[in-house]
Amino acid sequence: MVKAFIDPEKCLKCIECEASKSCAINAIFSIDPDEPKIVEVKICRGCGDCIAGCKGKAIELVES
């Protein structure tokens with residue numbers, strides 16, 4: 001099963017994260033705005049809609 005993965009080294013920690021806005025099921029979020037975003041893999045469908053919205057190109061789909 002494919003899931004989205006956010007590389008914390010590439011995440012720009014955008015306040016207005018376009019990747020999280022493009023996720024229809026809200027699987028991308030942050031606990032602390034100063035930390036990289038997180039993907040809730042239990043609900044991620046692996047659709048890839050978030051990839052185009054990520055300004056830092058930090059998201060990729062990986063086999064889980």
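Refer to the structure presented above.
Presented here is an overview of the structure given in this document.

Each value, and the rule that gives it
- Residues numbered from 1 in each chain as written.
- Predicted model: local features only at pLDDT ≥ 70, side-chain atom pairs only at ≥ 80, totals over all residues.
- Heavy atoms only, no water.
- Salt bridge = Lys/Arg side-chain N within 4 Å of Asp/Glu carboxyl O.
- Buried < 20%, exposed > 50% of the residue type's maximum accessible area, 1.4 Å probe, protein only.
- Helix = DSSP H or I, 4+ residues; strand = E, 2+ residues; numbered from the N terminus.
- Core = buried A, V, L, I, M, F, W, Y, C linked by side-chain atoms within 4.5 Å.
- Contact = heavy atoms within 4.5 Å.
- Disulfide = S-S within 2.5 Å.
- Lys, Arg positive; Asp, Glu negative; His and termini not counted.
- Polar contact = N/O pair within 3.5 Å; in protein donor to acceptor, adjacent residues only side chain to side chain.

### Some points on the pattern of salt bridges
Oppositely charged side chains can form a pair if their charged atoms are brought close together.
Logical step 1: A full pass over the atoms with the stated rule returns two salt bridges.
Logical step 2: Across the salt bridge formed by Glu16 and Lys21, the nearest N and O atoms sit 3.0 Å from each other.
Logical step 3: Among the residues examined, Glu16 registers a relative accessible area of 49% and is labelled partly exposed.
Logical step 4: In this structure Lys21 comes out as exposed when scored by relative accessible area, which is 51%.
Logical step 5: Its salt-bridge partner being Lys21, residue Glu18 comes within 3.7 Å of it at the nearest N-O pair. Taken together, the residues Glu18 and Lys21, both in helix α1 (residues 18–22) and three residues apart, mark about one turn of the helix.
Logical step 6: Glu18 gets classed as partly exposed once you look at its relative accessible area, which sits at 35%.
Logical step 7: Through salt bridges that share partners, Glu16, Glu18 and Lys21 make up one connected network.

### Points about the nonpolar core
Logical step 1: Core analysis: the largest hydrophobic core is formed by 14 residues, its most contacted members being Ala4, Ile6, Ala19, Ile28, Val39, Cys50 and Ile59.
Logical step 2: Apart from the residues lying within four places of it in its own chain, the contact partners of Cys50 are Ala4, Ala19, Ser22, Ile28 and Ile59.

### Some thoughts on the state of the cysteines
In protein structure, a disulfide is the covalent linkage between the sulfur atoms of two cysteines.
Logical step 1: Counted by the stated rule, this structure contains zero disulfides.
Logical step 2: As a non-bridged cysteine, Cys44 has Cys50 as the owner of its nearest cysteine sulfur, 6.4 Å distant.
Logical step 3: Left unpaired, Cys47 is separated from the closest cysteine sulfur, that of Cys23, by 6.3 Å.
Logical step 4: Residue Cys47 is classed as partly exposed on the basis of its relative accessible area of 48%.

### Remarks on the side chain of Lys3
Logical step 1: For Lys3, the location among the structural elements is in strand β1 (residues 2–6).
Logical step 2: Although Lys3 is buried, it forms no salt bridge, and the closest oppositely charged side chain is Glu40 at an N-O distance of 8.6 Å.
Logical step 3: At 3.1 Å, the side chain of Lys3 and the backbone oxygen of Val41 are in polar contact.
Logical step 4: Of the polar contacts made by the side chain of Lys3, one reaches the backbone oxygen of Cys44; its length is 2.5 Å.
Logical step 5: Apart from residues lying up to four places away in sequence, Lys3 is in contact with Val41, Cys44, Gly46, Glu60, Leu61, Val62 and Ser64.

No statement about biological role is implied by the geometric values presented.
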